[in-house]
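One-letter residues, chain by chain:
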Amino acid sequence: MSGEIGGGPAVVLVGPMGVGKTTVGQVLAERLGTTFRDTDTDIVATAGKEISEIFIDEGEPHFRELERQAVRAAVAGHRGVLALGGGAVLDEGTRALLAGLPVVFLEMGVAEAVKRTGLDAPRPLLAVNPRQRWRELMEQRRPLYTEVARAVVSTEDRTPEAVAEAVLDVLELKNA
């Protein structure tokens, strides 16, 4: 696969929680004949507990440090499709690491986000007033997602397969 020549992942997916980075990433990896990696899964494996528990037990700053380490390791060592946690782009060092990589920002609107993430899902940053909190997070993060992304793909009213197809199109990986 052409994306494996040189350094870094073939595709990096960024975007808010619940947008479908993991699901789309798995479809992309299958289509490209490569592996998939999710930094949130790496963090859970390293910490030995769920992300919501890390937030409760050690706090957000500790989680963000684990996230920085996970992203750094994945960007350096993974050549397939990589999905980053929703807040990974908050770190300036992470944004610098993503420079020049084939990063795609998967986006969706607030109504779709609430439908996908659910109001009772174990997402620590959405615990109180999820709609308002999601809007606030997106106001903060959208400029960072667009800063690191080579392209933006909407997931609204699309199947994971259709989103994966759009990512392949926009990155010109159709013949991969």
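Just so it is clear, the model here is predicted, and its values are computed rather than measured. (Residues numbered from 1 in each chain as written. Predicted model: local features only at pLDDT ≥ 70, side-chain atom pairs only at ≥ 80, totals over all residues. Heavy atoms only, no water.)

1. Focus: the nonpolar core
Argument step 1. Formed by 40 residues in total, the largest nonpolar core has its most connected members in V11, V14, L28, L98, L106 and V167.
Argument step 2. Contributing elements (two or more residues each) for this core: β1 (11–14), α1 (21–32), α4 (60–77), β3 (81–83), β4 (103–107), α7 (130–148) and α8 (160–170). (Core = buried A, V, L, I, M, F, W, Y, C linked by side-chain atoms within 4.5 Å. Buried < 20%, exposed > 50% of the residue type's maximum accessible area, 1.4 Å probe, protein only. Helix = DSSP H or I, 4+ residues; strand = E, 2+ residues; numbered from the N terminus.)

2. Some details on the packing of helix α3 (residues 51–58) against α4
Argument step 1. As a packed pair, α3 and α4 sit with axes 7 Å apart at the nearest point and diverge in direction by 130°. Regarding the angle of α3 to α4, the classification is oblique. Counting all contacts with α3, which are made through I51, I54, F55 and E58, the residues of α4 involved are E60, H62, F63, R64 and L66.
Argument step 2. In terms of residue class, the contact of α3 with α4 is built from five nonpolar, one polar and three charged. (Axes fitted to C-alpha atoms, helices over the stretch in contact; angles between N-to-C directions. Parallel < 35°, antiparallel > 145°, perpendicular 65-115°, else oblique. Contact = heavy atoms within 4.5 Å. Nonpolar A, V, L, I, M, F, W, Y, C, P; charged D, E, K, R; others polar.)

3. Overview of the environment of G86
Argument step 1. Relative to the elements of secondary structure, G86 occurs in the loop between β3 and α5 (92–98).
Argument step 2. Its relative accessible area of 12% is what places G86 among the buried residues.
Argument step 3. In this structure, the C-alpha to C-alpha distance between G86 and M17, residues 69 residues apart in sequence, is 5.1 Å.
Argument step 4. Contact partners of G86, with chain neighbours within four places excluded, come to G15, M17, K21, R141 and Y145.

4. Remarks on the sheet that holds β3
Two strands in a sheet stick together by hydrogen bonds in their backbones, pointing the same way (parallel) or opposite ways (antiparallel).
Argument step 1. Taken in spatial order, the five strands make up an open sheet running β2-β3-β1-β4-β5, and their pairing is parallel. The two strands at the open ends of the sheet, each matched to only one other strand, are β2 (36–38) and β5 (151–154). The sheet shows a mean angle of 25° between the axes of neighbouring strands, direction not considered.
Argument step 2. In this sheet, β4 lies alongside β1 in parallel orientation, the contact comprising three bridges. Among the inter-strand pairings, V14 is bridged to a residue of β4, identified as F105. (Pairing = 2+ DSSP bridges.)

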